[in-house]
Amino acid sequence: MQEEHSPPSGAFKRRAALGGAAAVALAAGVGPGTARAQSAPATDPYDPDLGPNTHVFDPSTPASQIQQTADAITDQMRTNQFGTQRHALLFKPGSYTADIDLRFYTQVAGLGLLPGDVVLDGHVRVEADWLSQGDDPNYLGNATQNFWRSAENLTVANPGGQIERWAVSQAAPYRRVDLTTLEMQLWDGYQGWASGGYFADCRISGTVVSGSQQQFFTRNSALDGGWSGSVWNMVFVGVHGAPAHHFPDPSHTVVDAAPVIREKPFLYVAPDGEYRVFRPALRDSASGPSWTAGTPAGTSVSLADFLVVVPGTDAATVNAALAEGRHLLFTPGVYEFDQTLQVGAPGTIVLGLGLATIVPTAGQTAIAVADVDGVSIAGILIDAGSGESESLVRIGPAGSAADHSADPTTLHDLFARIGGAHAGRAAVSVEINSHDVIADHLWLWRGDHGDGIGWTVNPAANGLVVNGDDVTVYGLFAEHYQEHNVVWSGERGRNYFFQNEMPYDPPDQQTWRAGPALGWAGYKVDDGVAEHEAWGLGSYCLFLDDPSIVADRGFEVPQRDGVRLTSLVTVSLGGVGTIARVVNDTGDQVDDANLTSYVTEYGGQGSGGEAELLSLDRPAAASSVESPDYTPAAAAFDGDPGTRWASEFSDDQWIQVDLGSIRDLTSAELVWEAAYASAYELQVSDDGHTWTTVHSTADGQGGAETIALDASGRHVRMQGLERATGYGYSLWSFDVYGSAA
């Protein structure tokens with residue numbers, strides 16, 4: 001679908017008569033006569049001032065100049081983890097040659113409408129080569145502090161036979177990139193550690209090898225070369241070429257589609273030279289990248305309708321622009337503001353370049369959004385100030401009640417920090433009160449190293465607090481908060497991926513406990529919530545100041561049919577500290593004797609608690625097998641993702657498992673080989689003779705399928721009705737979950 005764009009406005013040549021703030025004001029239901037305050041200067045969309053830290057290249061820029069600029073920034077930012085420098089390297093449509101070694105607070109982005117409009121032959125890479133680990137101070141392959149950088153909206157073509165390295169941890173998104181490579185490595189390639197990462201809206205030609213990455217989130221991408229590796233928590237949502245769902249060994253959590261998503265807005269240059277921001281349209285049940293079929297649906301907004309915020313701009317000027325209904329483009333810099341930025345107009349875009357950073361200096365909320373439709377906040381780091389903020393970002397006031405399902409507010413690459421650069425204080429980092437909000441990559445971090453670090457020096461209770469209903473979060477990283485890192489009180493919440501470390505520094509058990517409970521669960525769903533779902537969740541402990549400290553559990557949720565968690569893990573890092581249970585009273589303890597504990601499924605319809613894998617290594621039978629030696633029925637139930645059952649080449653075929661006794665059944669997970677069923681039934685039986693159909697489909701799509709069940713039985717059968725190919729039926733795995741009846 002071709003893009004739509006709002007016309008540029010009349011203060012500049014080639015601008016239409018009605019545009020700019022007036023167009024935004026009309027969209028917000030305000031009259032067009034709103035005057036533009038003198039303190040909010042106009043923006044020339046053909047020649048904008050993008051500030052001193054934005055470096056814009058075009059195809060006429062000598063390759064040597066581009067490389068020299070990139071190398072100078074690399075040298076400045078190599079280990080500059082808490083410095084105040086910020087940079088954006090922006091490439092206008094065209095072809096380039098460069099090798100960009102991407103370091104702290106640096107963004108590389110194309111200025112095309114599609115990733116293929118900017119082609120960079122070379123590399124945009126992240127190396128792990130500066131931080132030691134373990135007992136060897138000379139080994140510098142540790143990537144666990146490679147934070148705060150990004151690559152977006154371009155094509156990168158590695159020279160033939162070369163790999164790309166993206167050895168990152170949190171707050172380092174790789175978005176809307178078309179990468180041609182032999183292989184992409186997510187760690188140093190040797191023995192180095194790595195701890196987190198985020199892909200979205202990408203296409204990667206070579207194999208992605210995760211190596212030592214402890215957890216990683218990939219959304220709406222195409223992994224044409226596949227994925228290799230896992231440690232604790234690899235999550236894929238709407239990803240073509242994702243591995244089969246299998247948890248915990250390997251720890252691959254796979255969801256076929258993102259139920260609702262809007263991609264991040266981005267800056268681009270139109271063919272006539274006008275700078276615009278593209279705001280993608282909302283997508284439902286989204287799978288794969290948004291752009292591979294051409295320009296996606298969405299709206300372009302002229303930069304004339306933005307205040308371009310440059311270093312030195314004060315908060316009053318920014319608020320004046322917001323009051324006029326203008327959008328904001330923050331250029332790279334650190335902005336110390338003494339006022340809350342009040343976002344009140346529907347559809348407002350607040351977009352940051354180069355990890356633009358806001359510091360609230362008066363103990364105020366940094367950004368407050370009214371309970372309105374369609375606001376987008378993207379690419380901003382909020383760094384708490386010395387005065388305690390009640391919250392750093394607040395989406396909707398308390399008690400917000402409007403329905404925003406048709407045009408939700410979206411948050412993209414929104415990061416919060418308390419401590420590290422300086423002592424900071426904030427009770428809550430992000431508070432969501434509005435309904436229907438979509439959060440697309442959050443890293444909320446109470447600092448554990450750097451300046452201004454200590455139990456009473458950088459206090460922060462909660463990372464994310466969700467009070468709104470129907471909130472969806474993709475890629476949630478929240479670490480080291482002193483109480484629950486996440487508190488979710490809204491109904492029908494959905495969270496895809498959670499990575500959490502409990503605080504390192506509780507001084508003792510008595511200080512760090514919630515009444516009779518020991519410690520605080522990393523992820524808390526309020527006791528009154530009736531419906532909540534989450535996939536791919538990890539909570540870890542490392543109690544450095546007192547290793548005897550115990551947390552009762554990593555996750556705490558109400559036991560209701562509508563509350564369901566899939567693929568959970570707790571870890572005691574190095575055995576320093578204890579988490580007694582994974583979720584509620586379920587799951588093994590982790591401590592110095594047992595470092596890792598997994599729960600495959602908890603809650604859900606009919607279970608009231610943990611869902612146990614019932615079918616593992618149970619007796620199996622099938623109507624036929626293609627090869628008794630290589631594709632027996634038992635291979636679908638052996639827990640090995642590399643073995644499979646395959647039938648003879650006809651439609652009327654079945655495979656079944658004997659669970660040993662009658663069980664309450666909550667779900668079945670089928671992972672098909674290429675020979676899948678286009679139509680089939682799931683059947684249950686108490687005696688193996690009389691069968692009841694509990695699920696049927698005539699639109700099977702193959703791949704990994706998770707089917708919710710509300711049934712009981714001893715025997716479970718997949719009855720094939722129609723094949724999708726000329727071969728038989730073939731299943732890598734057929735997992736049945738439930739509990740004792």
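Structural notes, computed from the coordinates. In this text, all values refer to a predicted model and were calculated from it rather than measured experimentally.

**A short note on the overall build of the protein chain**
Within the protein chain one finds three helices and 54 strands. Relative to its length of 741 residues, the protein chain is compact, with a C-alpha radius of gyration of 26 Å against a globular reference of 27 Å. Considered along the principal axes of its C-alpha atoms, the protein chain spans approximately 80 × 60 × 55 Å. For the protein chain, buried positions account for 62% of its 741 residues. For the protein chain, contacts bridging at least 24 residues in sequence account for 66% of all contacts bridging at least 6. Surface exposure of the protein chain reaches about 24500 Å², of which carbon and sulfur atoms provide 47%.

**Remarks on the sheet that holds strand 13 (residues 207–209)**
Overall, parallel pairing links the four strands, which are arranged 8-10-13-16 in an open sheet. Both edges of this open sheet fall to strand 8 (164–165) and strand 16 (227–228), since each of them pairs with a single strand only. Sheet topology note: the strand 8/strand 10 (residues 183–185) ladder contains two bridges and is parallel. Bridge pairing links Arg165 to Gln185 in strand 10.

**Comments concerning the packing of aromatic side chains**
Summed over all chains, the structure comprises 38 aromatic pairs. When the ring of Phe649 is compared with that of Tyr727, the centres are 5.4 Å apart and the planes differ by 85°; the resulting orientation is edge-to-face. On the criterion of sequence distance, the pair formed by Phe649 in the loop between strand 49 (645–646) and strand 50 (654–672) and Tyr727 in the loop between strand 53 (704–723) and strand 54 (730–740) is long-range, its members being 78 residues apart. Exposure remark for Tyr727: the relative accessible area of 52% places this residue in the exposed category. Ring pairing ties together the aromatic residues Phe82, Phe104, Tyr105, Trp130, Phe147, Trp148, Trp443 and Trp445, which thus form one cluster. Over the aromatic face of Tyr105 sits the side chain of Arg86, whose NZ or CZ is 3.8 Å from the ring centroid. The ring of Tyr474 carries Arg219 above its face, with NZ or CZ at 5.8 Å from the centroid.

**Let's talk about the environment of Tyr729**
Within the secondary structure layout, Tyr729 lies in the loop between strand 53 and strand 54. When its relative accessible area of 0% is taken as the criterion, Tyr729 is described as buried. Here Leu721 takes part through its backbone nitrogen, which lies 3.4 Å from a polar atom of the side chain of Tyr729. Polar contacts involving the side chain of Tyr729 include one to the main-chain amide nitrogen of Glu722, which spans 3.1 Å.

**Some points on the sheet that holds strand 43 (residues 550–556)**
Taken in spatial order, the nine strands line up as 27-29-31-33-35-37-41-43-45 in an open sheet, and their pairing is parallel. Looking at strand neighbours, the two that pair on one side only are strand 27 (341–343) and strand 45 (578–583), the edges of this open sheet. Direction aside, the axes of adjacent strands within the sheet are offset by 25° on average. Sheet topology note: the strand 31 (residues 389–395)/strand 33 (residues 426–432) ladder contains five bridges and is parallel. When the bridges of strand 33 are listed, Ile395 appears paired with Ile432.

**Side note on helix 3 (residues 315–323)**
With seven of nine residues buried, helix 3 lies mostly within the body of the structure. If you check which residues of helix 3 are buried, you get Ala315, Thr317, Val318, Asn319, Ala320, Ala321 and Leu322. Here the buried face of helix 3 lies against strand 24 (306–309), strand 25 (327–330), strand 26 (334–337) and strand 27. Within two residues after helix 3, Gly325 carries a phi angle of roughly 90°, on the positive side.

**Some points on the nonpolar core**
Judged by nonpolar contacts, the single largest core of 66 residues is most densely connected at Phe91, Trp148, Trp166 and Phe199. Grouped together as the second largest cluster of nonpolar side chains are 65 residues, Ala384, Leu444, Val466 and Ala478 included.

**Quick look at helix 2 (residues 63–77)**
The end-to-end C-alpha distance of helix 2 is 21 Å, a good match for the 21 Å that 15 residues give at a rise of 1.5 Å each. Here the buried face of helix 2 lies against strand 2 (54–57), strand 3 (87–91), strand 4 (94–101) and strand 5 (106–110).

**So, the environment of Gly352**
Relative to the helices and strands, Gly352 is located in strand 28 (residues 349–360). Residue classification places Gly352 among the buried residues on the basis of a relative accessible area of 4%. Beyond its immediate stretch of four places on either side in the chain, Gly352 contacts Phe330, Ala378, Gly379 and Ile380.

**What about the pairing of strand 19 (residues 258–262)?**
Across the five residues of strand 19, four count as buried, placing the element largely inside the fold. As defined by bridge partners, strand 19 adjoins strand 22 (residues 282–286) across four bridges and the pair is classed as antiparallel. From the neighbouring strand, Ala258 faces strand 22, where its bridge partner is Ala286.

**Side note on the environment of Ala345**
Following the sequence through the fold, Ala345 ends up in the loop between strand 27 and strand 28. For Ala345, a relative accessible area of 9% corresponds to the buried category. In this structure the C-alpha to C-alpha distance between Ala345 and Ala70, which are 275 residues apart in sequence, comes to 38 Å.

**Section: the pattern of salt bridges**
By the definition in use, this model includes 34 salt bridges. Members of the salt-bridge network, linked through shared partners, are Asp75, Arg78, Asp99, Asp101, Arg103, Arg125, Glu127, Asp129 and Arg165.

**Side note on the side chain of His484**
Here His484 is to be found in the loop between strand 36 (472–479) and strand 37 (486–488). Here His484 falls in the buried class, since its relative accessible area comes to 13%. Polar side-chain contacts of His484 include one of 2.9 Å to the backbone oxygen of Ala521.

**What about unusual backbone geometry?**
Note the cis peptide between Phe247 and Pro248, where omega equals 15°. The topology assignment puts Pro248 in the loop between strand 17 (233–237) and strand 18 (252–255). Look at the link from Asp249 to Pro250: it is a cis peptide, with omega at 5°. Along the chain, the position of Pro250 falls in the loop between strand 17 and strand 18. One non-glycine residue, Asp413, lies in positive phi territory at about 45°. Note that Asp413 resides in strand 32 (residues 410–418). Take Asp413: its relative accessible area is 1%, and that puts it in the buried class. The residue Ser567 is not glycine, and still its phi comes out positive at about 65°. Along the polypeptide, Ser567 turns up in strand 44 (residues 563–572).

The rules we used
Residues numbered from 1 in each chain as written. Predicted model: local features only at pLDDT ≥ 70, side-chain atom pairs only at ≥ 80, totals over all residues. Heavy atoms only, no water. Helix = DSSP H or I, 4+ residues; strand = E, 2+ residues; numbered from the N terminus. Rg over C-alpha atoms; globule rule 2.2 N^0.38 Å. Buried < 20%, exposed > 50% of the residue type's maximum accessible area, 1.4 Å probe, protein only. Contact = heavy atoms within 4.5 Å. Areas by Shrake-Rupley, 256 points an atom, 1.4 Å probe, with all protein chains shown as cover. Pairing = 2+ DSSP bridges. Phe/Tyr/Trp six-rings, centres within 6.5 Å; stacked < 30°, edge-to-face > 60°. Lys NZ or Arg CZ within 6 Å of the ring centre and 35° of its normal. Polar contact = N/O pair within 3.5 Å; in protein donor to acceptor, adjacent residues only side chain to side chain. Axes fitted to C-alpha atoms, helices over the stretch in contact; angles between N-to-C directions. Core = buried A, V, L, I, M, F, W, Y, C linked by side-chain atoms within 4.5 Å. Expected span 1.5 Å × (residues − 1). Salt bridge = Lys/Arg side-chain N within 4 Å of Asp/Glu carboxyl O.

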